[in-house]
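# Structure at a glance
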Amino acid sequence: MRIELVRGDITREGVDAIVNAANSSLLGGGGVDGAIHQAAGPKLLAECQELRRTTLPHGLPVGQAVATGAGELPCRWVIHTVGPNRHAGQTNPDLLRSCFTASLRVADQIGVKSLAFPAISAGVYGWAADQVAVAARAALDGATSQVNLVRFVLFNVQILKAFREAFADSAAAAPR
Ligand code: AR6
């Protein structure tokens, strides 16, 4: 698996799937979630509402992941995951690692070969960028997956730097 660390806007990524740092309601919000819903248009929200009506009536639990189509986005799928919210006392890093692991597992289930992640929980949910980067690295190190490209698309230079440090000695991480 090749790993890329780039600065950018994940809504523009033409990979097979992008991961959304959602909340349990799956019905949208701010940050990257808001940007994804805005760029995807109403089809994405309708699919999320359908999930709530059918398989996820109580919402998506923290640390789990689920896939939908991508509406008008250039990718094919959106994989929604819910990071732990530090401000709500969710301070267990295993939950954060689980977001990355569960997203990869869902990606495998739907045949995704290229996958882009944002820095889950590094915004509204209050985790430090280096903690998120370490959790992401741990998840990828422990993963067996058919995904052959994982690209972390990081919104600002501080978060990119934290990921570069966490992946500095990773043989899989290559400059793009
Ligand atoms: N592309 C890539 N990264 C982005 C983008 C973008 N377009 N926009 C923001 N980020 P956050 P969380 C970065 O707050 O902490 C929402 O309201 C951002 O700079 O989006 O998991 C949800 O509905 C930060 O580094 O997600 C939830 O209620 C990272 O994405 C809650 O926020 C994550 O920040 C989830 O909070």
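Owing to the predicted nature of the structure, the values given are computational and were not obtained by experimental measurement. (Residues numbered from 1 in each chain as written. Predicted model: local features only at pLDDT ≥ 70, side-chain atom pairs only at ≥ 80, totals over all residues. Heavy atoms only, no water.)

## Looking at the overall build of the protein chain
Per the secondary structure count, the protein chain includes five helices and six strands. Across the protein chain, helices and strands are ordered from the amino to the carboxyl terminus as β-β-α-α-β-β-α-β-α-β-α. Relative to its length of 176 residues, the protein chain is compact, with a C-alpha radius of gyration of 15 Å against a globular reference of 16 Å. In terms of principal-axis extent, the alpha carbons of the protein chain reach across some 45 × 35 × 30 Å. (Helix = DSSP H or I, 4+ residues; strand = E, 2+ residues; numbered from the N terminus. Rg over C-alpha atoms; globule rule 2.2 N^0.38 Å.)

## Some details on the site of the ligand
What surrounds the ligand is a group of 22 residues, the closest being Asn23, Gly30, Val32, Asp33 and Val124. Within the side chain of Asn23, a nitrogen or oxygen atom sits 2.7 Å from an oxygen atom of the ligand. At 2.7 Å, a backbone N or O of Gly30 approaches an oxygen atom of the ligand. Burial of the ligand by the surrounding chains reaches 91%, relative to a free accessible area of 700 Å². (Near = heavy atom within 4 Å. Polar contact = N/O pair within 3.5 Å; in protein donor to acceptor, adjacent residues only side chain to side chain. Areas by Shrake-Rupley, 256 points an atom, 1.4 Å probe, with all protein chains shown as cover.)

## Here's the deal with the packing of aromatic side chains
Taken as a whole and assessed by the stated rule, the structure comprises six aromatic pairs. Seen from their ring centres, Phe152 and Phe163 are 5.1 Å apart, and the 45 degrees between their planes marks the pair as tilted. Highlighted residues: Phe152 in strand 6 (residues 149–154) and Phe163 in helix 5 (residues 157–166), separated in sequence by 11 residues. For the residue pair Phe152 and Phe163, the accessibility class agrees, reading buried in each case. (Phe/Tyr/Trp six-rings, centres within 6.5 Å; stacked < 30°, edge-to-face > 60°. Buried < 20%, exposed > 50% of the residue type's maximum accessible area, 1.4 Å probe, protein only.)

## Concerning helix 3 (residues 93–109)
For helix 3, spanning 17 residues, the distance from its first C-alpha to its last is 25 Å, which sits close to the expected 24 Å at 1.5 Å a residue. Listed in full, the buried residues belonging to helix 3 are Leu96, Cys99, Phe100, Ala102, Ser103, Leu104, Val106 and Ala107. Lining the buried residues of helix 3 we find strand 2 (17–22), strand 3 (65–69), strand 4 (77–82), strand 5 (114–117), helix 4 (129–141) and strand 6. One side-chain oxygen at the N-terminal end of helix 3 lies 2.8 Å from the backbone nitrogen of Asp94; it belongs to Asn92. Positioned one or two residues after helix 3, Gly111 has a phi angle of 80 degrees, which is positive. (Expected span 1.5 Å × (residues − 1). Contact = heavy atoms within 4.5 Å.)

## Points about the sheet that holds strand 6
Pairing is mixed across the open sheet formed by six strands, whose spatial order is 1-6-5-2-4-3. In this open sheet, the two edge strands, each paired with only one partner strand, are strand 1 (2–7) and strand 3. Looking at each pair of strands side by side, their axes are set apart by 25 degrees on average, direction ignored. Relative to strand 6, strand 1 runs parallel, the two being bridged by six bridges. Across the sheet, the residue bridging to Arg2 is Leu149, located in strand 6. Packed on one face of the sheet, helix 2 (residues 42–53) meets strand 3 and strand 4 and runs near 135 degrees to strand 3. Relative to strand 1, helix 5 is tilted by about 155 degrees, and along the sheet it contacts strand 1 and strand 6. (Pairing = 2+ DSSP bridges. Axes fitted to C-alpha atoms, helices over the stretch in contact; angles between N-to-C directions.)

## Let's talk about the side chain of Arg151
Summarising the element assignment, Arg151 is placed in strand 6. Side-chain polar atoms of Arg151 contact the side chain of Glu4, separated by 2.7 Å.

## Quick notes on unusual backbone geometry
A positive phi angle, near 65 degrees, is found at Leu26, a position not held by glycine. Relative to the elements of secondary structure, Leu26 occurs in the loop between strand 2 and helix 1 (31–40). The class of Leu26 is buried, set by a relative accessible area of 2%.

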